[in-house]
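# Working through the structure, step by step
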Amino acid sequence: MISVIEVIYITNHPQLNMEWYRIFLHTAKLGNLTKAAQQLHMTQPSVSYAIKQLEENLGVKLFDRLSKGVQLTPEGAALLDYVEPSFALIDSAERRLQALKDFAAGDLRIGASGPMFKHLLLPALDSFRIGHPAVRIHLFQGKSSEIAKRLKDGLLDLGLVHQPMDNDPELDITTLAAIQDCLVGGPAYRGLAAHPLSAPEIAKIPLLLLSPDSSTGQFIGQWLGAQGVRVEAAMELSSLEMQVECCERGYGAAFVTRRFVEQQLAAGSLLELPTCTPIPPRSVGIAARKGLSLSLIAGQFMKELSRHSG
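Residues numbered from 1 in each chain as written. Predicted model: local features only at pLDDT ≥ 70, side-chain atom pairs only at ≥ 80, totals over all residues. Heavy atoms only, no water.

## Topic: the sheet that holds strand 3 (residues 107-112)
Put simply, the rule is: When DSSP finds two or more bridges between two strands, those strands count as paired. Labels follow the DSSP assignment, with helices taken as runs of H or I lasting at least four residues and strands as runs of E lasting at least two, numbered in each case from the N terminus. Structural elements are reduced to axes, namely lines fitted to C-alpha atoms, with helices fitted over the stretch in contact, and the angle between N-to-C directions of any two is expressed from 0 to 180 degrees.
On the basis of which strands lie adjacent, the open sheet formed by five strands has the order 4-3-5-12-6 and mixed pairing. Each edge of the open sheet is held by one strand with a lone partner, namely strand 4 (136-141) and strand 6 (171-179). Across the sheet, the axes of successive neighbouring strands diverge by a mean angle of 25°, strand direction being ignored. Direction of pairing for strand 6 relative to strand 12 (residues 282-289): antiparallel, over a ladder of eight bridges. Counted as the bridge partner of isoleucine 173 is alanine 287 from strand 12.

## A look at the confidence of the model for the protein chain
For residues with low pLDDT, the predicted coordinates do not support detailed interpretation. Quick note on the threshold: Confidence scores per residue from the predictor, reported as pLDDT, run from 0 to 100. Any two residues whose heavy atoms approach within 4.5 Å at even a single point are treated as in contact.
Looking at the protein chain as a whole, its pLDDT mean stands at 89, while 94% of the residues score no less than 70. Predicted confidence is poor over residues 1-15, with pLDDT under 50, and the contacts of this stretch with residues over four places away or in other chains come to 17 contacts.

## Comments concerning the layout of surface pockets
In this approach the atoms are scanned with a rolling probe the size of a water molecule, which exposes any empty space left behind. Put simply, the rule is: The distinction between a cavity and a pocket rests on a 1 Å grid over the protein atoms alone: a 1.4 Å probe fits inside a cavity but cannot get out, while a pocket stays open yet meets protein on both sides within 12 Å along at least five of seven lines, and a residue with an atom within 4 Å of a point counts as lining. Grid points are joined across faces, edges and corners, and a volume is the space filled by probe spheres set on the points. Gly is put with the polar residues, along with every residue not named as nonpolar or charged; the nonpolar set is Ala, Val, Leu, Ile, Met, Phe, Trp, Tyr, Cys and Pro, and the charged set is Asp, Glu, Lys and Arg.
Of the pockets and cavities examined, the largest pocket occupies roughly 440 Å³. Taken together, 24 residues form the lining of the largest pocket, with Ser113, Gly114, Pro115, Leu210 and Ser238 sitting closest to its centre. Listing elements by their share of the lining of the largest pocket, those giving two or more residues are helix 6 (114-131), helix 7 (144-152), helix 9 (215-225), helix 10 (240-248) and strand 10 (253-257). Here the lining of the largest pocket is composed, by residue class, of seven nonpolar, 14 polar and three charged.

## Some details on unusual backbone geometry
In this model, histidine 41 sits at a positive phi of 60°, which is unusual for a non-glycine residue. Of note, histidine 41 is situated in the loop between helix 3 (33-40) and helix 4 (44-58). Here phenylalanine 103, not a glycine, exhibits a phi torsion of approximately 55°, which is positive.

## Topic: the packing of aromatic side chains
Cut-off, in case you're wondering: Side-chain rings of Phe, Tyr and Trp, where Trp is taken by its six-membered ring, are said to pair if the distance between their centres is within 6.5 Å; with planes under 30 degrees apart they count as stacked, over 60 as edge-to-face, and otherwise as tilted. Buried means the residue's accessible area, taken with a 1.4 Å probe over protein chains only, is under 20% of the maximum for its type, while exposed means over 50%, and partly exposed covers the values in between. In our convention, an over-ring charge means Lys NZ or Arg CZ found within 6 Å of a ring centre and within 35 degrees of that ring's normal.
Enumeration over the complete set of coordinates arrives at three aromatic pairs. For the pair tryptophan 223 and phenylalanine 255, a centre-to-centre distance of 5.8 Å together with 75° between the ring planes defines the contact as edge-to-face. Of this pair, tryptophan 223 sits in helix 9 while phenylalanine 255 sits in strand 10, and the two are 32 residues apart along the sequence. Across this residue pair, the class does not change: tryptophan 223 and phenylalanine 255 are buried. One Lys or Arg, arginine 150, reaches over the ring of phenylalanine 140 and ends 3.8 Å from the middle of that ring. In this structure, arginine 282 is placed above the aromatic ring of phenylalanine 219, and the distance from its NZ or CZ to the ring centre is 4.5 Å.

## Concerning the environment of histidine 119
Position of histidine 119 among the secondary structure elements: in helix 6. With residues up to four places along the chain from it excluded, the contact list for histidine 119 reads Arg259 and Phe260.

## Points about the nonpolar core
Using the following cut-off: Grouping buried Ala, Val, Leu, Ile, Met, Phe, Trp, Tyr and Cys residues that are joined through side-chain atoms within 4.5 Å yields what is termed a nonpolar core.
With 37 residues, the main nonpolar core has Leu108, Leu121, Leu158, Leu160, Phe301 and Leu305 as its most contacted residues. Of the residues forming this core, the biggest block, seven residues, is contributed by helix 6. Setting aside its immediate chain neighbours within four residues, leucine 108 contacts Leu125, Phe128, Val135, Arg136, Ile137, His138, Asp157, Leu158, Ile297, Ala298 and Phe301.

## Brief notes about the pairing of strand 1 (residues 63-66)
Of the strand pairs in this sheet, strand 1 and strand 2 (residues 69-72) are connected by four bridges, and their pairing is antiparallel. By the bridge assignment for strand 2, phenylalanine 63 is matched with leucine 72.

## Examining helix 10
Taken together, the buried positions of helix 10 are occupied by Leu240, Gln243, Val244, Cys246 and Cys247. Looking at the buried side of helix 10, the elements it contacts are helix 6, strand 7 (181-185), strand 8 (208-210), strand 9 (235-237), strand 10 and helix 11 (262-267).

## Brief notes about the pattern of salt bridges
Rule in force here: Within this document, salt bridges are pairs made up of a side-chain nitrogen of Lys or Arg and a carboxyl oxygen of Asp or Glu, the two lying within 4 Å of each other.
One pass over the structure, following the stated rule, counts 14 salt bridges. One salt bridge in this structure joins arginine 22 and glutamate 19, with 3.6 Å as the shortest N-O distance. Of this pair, arginine 22 and glutamate 19 are both found in helix 2 (residues 18-30), three residues apart, which corresponds to roughly one turn of the helix. Residue classification places arginine 22 among the partly exposed residues on the basis of a relative accessible area of 28%. Here aspartate 213 makes a salt bridge to lysine 143, at a shortest N to O gap of 2.9 Å. With aspartate 213 in the loop between strand 8 and helix 9 and lysine 143 in the loop between strand 4 and helix 7, this residue pair connects regions lying 70 residues apart in the sequence.

So, in structure tokens, the structure goes:
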């Protein structure tokens, strides 16, 4: 198998012309200068001149001229063993690039938290997969901090993250969608929905919170802390689905993103509990490594994601 270094030398040597090698290849395969010229849409003298220039630059004779054509010398045959796979490799590379341009091959690696997967990512992925079925999709579910690390480690192309988050000099984050958090409880907490709740009143409710190292856990902790209240979770849960389930069963109240529980609010299985101090709005951003070009596939998916989230 020819090495990449040998391919680069053959096709990019500063004193040699790649076209000479192409002419050499066609001439060697056809064994005739005139036939090679016809196949290359050149004149026969131009083919002869290119072969002569190649021989002079390499310092070896490549062909013996016969009455009915040409025949490779031993040195010419040795060169052909490298030139032929070199051009085959280049042709394969061009076909691969064309497939990537046509989205007929390639990979999309993207990460998001559970709720963002279901409500923001999957609708766009469904549409993208229908339009580009040959693209392999790799998904990672995790916290915003985990997604940021994987992006910086080169393990993801794109990641959906909560904002605001600490400015990271290694990431570019484009705002994708505005979100609003709210406090919700099940029917057992209907009485608390009648008037806005102060931070001390909220602290008295059994709270079903996400882990304090999650972006949502940190955000809510800072919001309550700014009001002089520090709360401990009655239940520390790992997902929105568990928060919703436990709220509906009357175990307590939870801070959730309103757009992610619209169905439960409409059905009445969850009730929004108003707060005296409004919870500040947040946004979801699409993050990528700063200073690095996105693949064509990742760029195309960003457009699809923006269209679905708008």
